[in-house]
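A closer look at the structure
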Amino acid sequence: MSFDINVAQLQHQLAELKGENISLRIKLDIYHDELMKKHQTWLDEKLAIRLEKHLSEDMLRVESDARQKLQQEVRLLKQELKCLHGQNGSESRAVKPELLKDVPVLQVPA
């Protein structure tokens, strides 16, 4: 009879442990899901920071290129102005055609 009681107690303890195991697995799944969400949020934030940094660098590069192009245009216009003033006076200095290829021409109606 004591053998039957021990078996019944062991079966009861086993059932309790199985229930506790299921409860712990559920908690672990919930914790895992929360951790993965936090990790995904962290990755998204890190990606956003990197993209913002690259975009900022690209914008600085574009601004620098535009500034250099404008400076080149100003230099060419100054050189052309000197040339035009020189044609009216004694000196005549021509602007090199290869320097003018990238300069836009304004069309002024007559």
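Use the structure listed above.
This text gives an overview of the structure that appears in the document. Starting from 1, residues in each chain are numbered consecutively following that chain's sequence as written. Only residues with pLDDT of at least 70 are given local features in this predicted model, and only at 80 or more are side-chain atom pairs given and counted; all residues enter the totals for whole chains, interfaces and linings. Computation of side-chain values: all heavy atoms of the structure, hydrogens and water removed.

So, the overall build of the protein chain
Starting at the N terminus, helices and strands are each numbered in turn, a helix being any DSSP run of H or I of at least four residues and a strand any DSSP run of E of at least two. The number of helices and strands found in the protein chain is two helices and zero strands. Type-normalised accessible area, obtained with a 1.4 Å probe on protein chains alone, sets the label of each residue: buried when under 20%, exposed when over 50%, and partly exposed for intermediate values. Here the protein chain holds 110 residues, and 5% of them are scored as buried. The Shrake-Rupley method, run with a 1.4 Å probe, gives the accessible areas here. Residue values count only the displayed protein chains as cover. For the protein chain, the exposed surface amounts to about 10,600 Å²; the carbon and sulfur share of it is 60%.

Some remarks on the pattern of salt bridges
Salt-bridge detection follows one rule: a side-chain nitrogen of Lys or Arg within 4 Å of a carboxyl oxygen of Asp or Glu. Inspection of the entire model under this criterion finds one salt bridge. A salt bridge links Asp 58 to Arg 61; the nearest nitrogen and oxygen atoms lie 2.8 Å apart. Here Asp 58 and its partner Arg 61 are both found in helix α1 (residues 2-88), three residues apart, which amounts to about one turn of the helix. With relative accessibility at 47%, the residue Arg 61 sits in the partly exposed group.

Some points on a nonpolar patch on the surface
Nonpolar side chains (Val, Leu, Ile, Met, Phe, Trp, Tyr) are joined into patches within 5 Å and like charges within 9 Å, using only residues with over 30% relative accessible area and no salt bridge. Together, Ile 22, Ile 26 and Ile 30 make up a nonpolar patch on the protein surface, roughly 290 Å² of accessible area in all. Looking at where Ile 22 falls in the secondary structure, it is placed in helix α1.

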